[in-house]
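Per-entry structural report
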Amino acid sequence: MKKMKLVALSAVLCLVLGMTVNAEGSSAGGVQVSQETKTATVTKADGTKVENAAVVPVVKESSKAVVKEEAKKALKIDSDNFTSYTMDVSLAMADDTTSAVTLADGSAAIEVAFKVPEVKASSKVVVLHWKGGATEPEQLPVTVGDGVVKAVFTSFSPVEILVYNGSENTPDNENTPKPSDPNKPGPSNGSGSSNSSGSGSTTTTASTGTSPKTADSSAVIYVAEALAVLSLAGAVICRKKSRA
């Protein structure tokens with residue numbers, strides 16, 4: 001009986017631990033958004049304007065995506081071996097994440113951090129954003145680090161994060177745009193934009209549809225829970241044998 005109670009208690013403890021981990025931020029398609037509180041002037045759904053409101057970004061599932069060829073064009077690669085994460089990003093009050101708001105000042109900007117498991121500091125990353133129901137996405141300024149992609153938003157709607165970890169080296173290999181030198185001829189890629197190392201964005205745009213590739217980050221939590229239960233059960237059995 002004591003053995004069963006211990007196993008049951010350990011299972012409950014693991015479940016609580018899993019809930020705590022998932023509460024760190026909302027997630028969609030294997031990507032988790034940081035719940036870091038921001039301060040901004042926002043407008044509520046009823047039109048009420050709130051100065052210096054505490055807000056957080058929230059994500060949910062979305063199928064909005066560009067086709068494969070447009071994704072490759074945005075990443076400036078020839079390989080099909082890239083990953084796409086799609087989600088709908090919104091802004092909500094920090095004390096009530098179900099209460100969606102919009103930035104009141106059109107010039108205001110908020111940096112949102114996404115936890116993307118496969119991203120490295122050397123990854124090529126493009127964040128596409130369908131602003132205000134646009135049929136073609138804009139490309140957001142980004143900063144890339146190990147496991148993290150940060151993008152700057154002035155409005156919130158469907159987003160697609162494209163990640164490439166291959167070894168292709170093109171003239172536009174990084175995430176930050178650099179000004180063109182009128183005295184130096186540059187490579188033509190049809191988009192009129194170029195990149196250099198650092199953070200920022202390109203100006204290439206793309207249009208409709210690709211299937212997102214997602215990652216199941218919850219699998220790690222379930223494995224940890226199972227190992228914890230098995231370890232406690234083994235400890236109980238060993239203790240029982242030592243007393244015999």
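All of the points below concern the structure found in this document. (Residues numbered from 1 in each chain as written. Predicted model: local features only at pLDDT ≥ 70, side-chain atom pairs only at ≥ 80, totals over all residues. Heavy atoms only, no water.)

Quick word on the overall build of the chain
The number of helices and strands found in the chain is 3 helices and 14 strands. By the burial criterion, 38% of the 244 residues in the chain qualify as buried. For the chain, the exposed area adds up to about 13600 Å²; of that, 55% sits on carbon and sulfur atoms. (Helix = DSSP H or I, 4+ residues; strand = E, 2+ residues; numbered from the N terminus. Buried < 20%, exposed > 50% of the residue type's maximum accessible area, 1.4 Å probe, protein only. Areas by Shrake-Rupley, 256 points an atom, 1.4 Å probe, with all protein chains shown as cover.)

Section: the pattern of salt bridges
Per the stated rule, a full pass over the model turns up 4 salt bridges. Taking the shortest distance from any N to any O, the salt bridge between Glu69 and Lys72 comes out at 3.5 Å. With Glu69 and Lys72 both in helix H2 (residues 68-75) and 3 residues apart, this pair spans about one turn of that helix. Exposure remark for Lys72: the relative accessible area of 11% places this residue in the buried category. One salt bridge connects Asp80 with Lys72, and the closest N-O pair in it is separated by 3.0 Å. What emerges from the salt-bridge pattern is a single network uniting Lys68, Glu69, Lys72 and Asp80. (Salt bridge = Lys/Arg side-chain N within 4 Å of Asp/Glu carboxyl O.)

Remarks on the packing of aromatic side chains
Under the definition given, this model contains 2 aromatic pairs. Measuring from ring centre to ring centre gives 6.2 Å for Phe114 and Phe153, while their planes differ by 55°; the resulting arrangement is tilted. Here Phe114, found in strand E7 (residues 110-115), pairs with Phe153, found in strand E11 (residues 148-153); they are 39 residues apart in sequence, far enough to count as distant. For Phe114, a relative accessible area of 0% puts it in the buried group. A residue is classified by how much of its surface remains accessible, and Phe153, at 0% relative accessible area, is buried. (Phe/Tyr/Trp six-rings, centres within 6.5 Å; stacked < 30°, edge-to-face > 60°.)

Thoughts on the environment of Lys68
Relative to the helices and strands, Lys68 resides in helix H2. C-alpha of Lys68 to C-alpha of Phe82: the two residues are 14 residues apart in sequence and 9.4 Å apart in space.

So, the side chain of Ser62
Along the polypeptide, Ser62 turns up in the loop between strand E4 (49-60) and H2. Of note is the side chain of Ser62, whose polar atom sits 3.2 Å from the backbone nitrogen of Lys64. Every residue in contact with Ser62, bar those within four places of it in the chain, is listed here: Thr86, Met87, Asp88 and Pro158. (Polar contact = N/O pair within 3.5 Å; in protein donor to acceptor, adjacent residues only side chain to side chain. Contact = heavy atoms within 4.5 Å.)

Some remarks on the nonpolar core
Judged by nonpolar contacts, the single largest core of 32 residues is most densely connected at Val42, Val55, Met87, Phe114, Val116, Val127 and Ile161. With 5 residues, strand E5 (residues 83-93) is the largest single contributor of residues to this core. Core analysis: the next-biggest nonpolar cluster, separate from the first, contains 11 residues, Leu75, Ile77, Trp130 and Tyr164 among them. (Core = buried A, V, L, I, M, F, W, Y, C linked by side-chain atoms within 4.5 Å.)

Concerning the side chain of Ser123
Structurally, Ser123 can be placed in the loop between E7 and strand E8 (124-129). The exposure class assigned to Ser123 is buried, which follows from its relative accessible area of 1%. At a separation of 2.8 Å, a polar atom in the side chain of Ser123 contacts the main-chain amide nitrogen of Lys120. In this structure the side chain of Ser123 is engaged in a polar contact, spanning 2.3 Å, whose partner is the side chain of Asn165.

Describing the pairing of strand E10 (residues 142-145)
Along E10, the buried face is formed by Val142 and Val144; none of Thr143 and Gly145, which line the opposite face, is buried. Pairing between E10 and E11: 4 bridges, direction antiparallel. Residue Val144 lies in a different strand from E11, and its bridge partner there is Val149. Counted along the chain from E10 to the antiparallel partner E11, the turn is 2 residues long, and its residue Gly147 has a positive phi close to 80°. (Pairing = 2+ DSSP bridges.)

As for the pairing of strand E12 (residues 158-164)
Of all 7 residues in E12, 7 are buried; the element is thus mostly enclosed. The alternating pattern of E12 places Pro158, Glu160, Leu162 and Tyr164 and Val159, Ile161 and Val163 on opposite faces, both of which are buried. Here E5 runs beside E12; their pairing, made up of 6 bridges, is antiparallel. From the neighbouring strand, Thr86 faces E12, where its bridge partner is Glu160. Here 6 bridges tie E8 to E12, and the two strands are oriented antiparallel to one another. Note on E12: the bridge partner recorded for Val127 is Ile161.

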